[in-house]
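# Overview (structure and organization)
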Amino acid sequence: MYDVAIVGAGVVGSAIARELAKFKVSACVIEKDEDVCNGTSKANSAIVHAGFDAKPGTLKAKLNVRGNEMMDELSKELDFPFKRNGSLVVCTKDQDPALLDELVEKAKANGVEVQILERDELIKMEPNLADDVVKALYAPTGAIVCPFHLTMALAENAADNGVEFFLNTEVTKIEKKDDRYVISTDKDTIEAKTVVNAAGVYADKFNNMVSEHKLEIIARRGQYMLLDKDAGSHVSRTIFQLPSKMGKGVLVTPTVHGNLLVGPTAEDIDDKEGVNTTAEGLGSLAATSAQSVKNVPMRQVITSFAGLRAHEVNGDFVIGEAEDAPGFFNAAGIESPGLSSAPAIGEMVASQVAEKLGLEKNPNFNGKRKGILNPATLSIEERNELIKKQPAYGNIICRCEMVTEGEILDAIHRTLGARSLDGVKRRTRAGMGRCQAGFCSPKTMEILEREVPMSMFDVTKNGKDAKIVFGYNKKI
């Protein structure tokens, strides 16, 4: 029996797992997909919000600001891409500038540094702002991050410190029996003294199995378009529009990898697996983004995608022990600014669980993790020496992103290593370039087949039924 079972291996579940590893604890993470970071955590704006927008006094406000503060040190400890590029919320001539003043008041209450800038100053910072933009709120602590690497770094470090991960394992039922919770899955039964519910859009389902205080989570779909790296410098800061009741509007932002991202839309849907894009949704992005940034080079779109936000009907994060279900802890309703808040949510929930169980600190906890080596960061001399020792680093597999076989081998063989094309892609960027995996997929599949090892028939795009090879085109 475990002390703690965490349901969900997204950024929140992984952050909680890492924080719990700082204690002497037996803990596991149960994830229905074949990899960590396979749900909401993989498809979002990749933004670390400054914290000026959340309503003062809410968990969103408190944890956003704390999570933002934690990111610098965390990125150094866990070696993931992170950059403080600052953010702007723009106001056009047809909008009410008093709305910016309201954001300033929220920022003051939340302890976030902001200032109002007029158009002359803004154009010096961002020459491609729309002609109708007259002023903006500037938040220097806004930042961008790689959500894949953040989540995987947290999960890897948790696993390296003793937390067990059960992937491809779907929770079907949770029930309280005596002094423990019995968690039924599609594979085995797992027992734990406490449960942490970090199941994203499905968190209401699990809460409602054990508590009479029902949650209702709505899947809010956001569609995005990703542009080529040639467009990555179109803006240097994250450009927001004035927020509405559905969210922070369509943003235009650089990514930490040098691309340009435009989105999201915001639409409530019934299907909690509805991550398909639509012609209508994607078609709206160009016109909407043009209200804040002009001449976005939409002809350089290389891919589009959609993600689901877990919107709880009461509007705030739901965090803590359920009143009528002792030992059952929620981390539910984690929509924006969930990615920004994740480290702080991990800190908060882990401390609550530790207090509940009377856990002692783990003196052997190692908070350091090294990411996958990118040979492009080395000097020519260092790269030549690396290739001499490990020739796989001289074999380019993904020509668009210049990803080597050595990087893919690292992605497969490290803790919680990749077992699918998307798993390799998120760890190394092989397949994320202009051709969108058109050339590198066969070679990556061959490497997975050889190194895991696994049958070519079992190699998938992203687990489960997403198979790629179905048979032979001739008898062998």
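Please refer to the structure higher up on the page.
Below is a summary of the structure that appears in this document. The model shown is predicted, which means the values in this text are computed figures rather than measured ones. (Residues numbered from 1 in each chain as written. Predicted model: local features only at pLDDT ≥ 70, side-chain atom pairs only at ≥ 80, totals over all residues. Heavy atoms only, no water.)

## Here's the deal with the pattern of salt bridges
Summed over all chains, the structure comprises 42 salt bridges. Here Lys-24 and Glu-360 are joined by a salt bridge, their closest N and O atoms 3.5 Å apart. A residue pair is termed long-range when its members are at least 10 positions apart, and Lys-24 in the loop between helix H1 (11-20) and strand S2 (27-30) and Glu-360 in the loop between helix H8 (338-357) and helix H9 (380-389) qualify at 336 residues. Given a relative accessible area of 46%, Lys-24 falls into the partly exposed group. Measuring nitrogen to oxygen at the nearest pair gives 3.8 Å for the salt bridge that ties Glu-105 to Lys-108. Here Lys-108 and Glu-105 lie together in helix H3 (residues 98-110), a separation of three residues that amounts to about one turn. We classify Glu-105 as partly exposed; its relative accessible area is 48%. Lys-108 gets classed as exposed once you look at its relative accessible area, which sits at 60%. (Salt bridge = Lys/Arg side-chain N within 4 Å of Asp/Glu carboxyl O. Helix = DSSP H or I, 4+ residues; strand = E, 2+ residues; numbered from the N terminus. Buried < 20%, exposed > 50% of the residue type's maximum accessible area, 1.4 Å probe, protein only.)

## Brief notes about the side chain of Glu-407
Within the element layout of this structure, Glu-407 appears in helix H10 (residues 405-413). No salt bridge forms around the buried Glu-407; measuring N to O, its nearest opposite-charge neighbour Arg-383 is 8.8 Å away. (Lys, Arg positive; Asp, Glu negative; His and termini not counted.)

## As for the packing of H10 against helix H12 (residues 441-451)
Running from N to C, H10 and H12 cross one another at 45 degrees; their axes reach a closest spacing of 11 Å. Here H10 lies oblique to H12, going by the angle between them. Judged by the sense of rotation from one axis to the other, the crossing of H10 with H12 is right-handed. Together, Glu-405, Ile-408, Leu-409, Ile-412 and His-413 of H10 and Thr-444, Ile-447, Leu-448, Arg-450 and Glu-451 of H12 make up the contact between the two elements. Classifying every residue of the contact of H10 with H12 by side-chain character gives five nonpolar, two polar and three charged. (Axes fitted to C-alpha atoms, helices over the stretch in contact; angles between N-to-C directions. Parallel < 35°, antiparallel > 145°, perpendicular 65-115°, else oblique. Left-handed = near helix turned anticlockwise from the far one by under 90°. Contact = heavy atoms within 4.5 Å. Nonpolar A, V, L, I, M, F, W, Y, C, P; charged D, E, K, R; others polar.)

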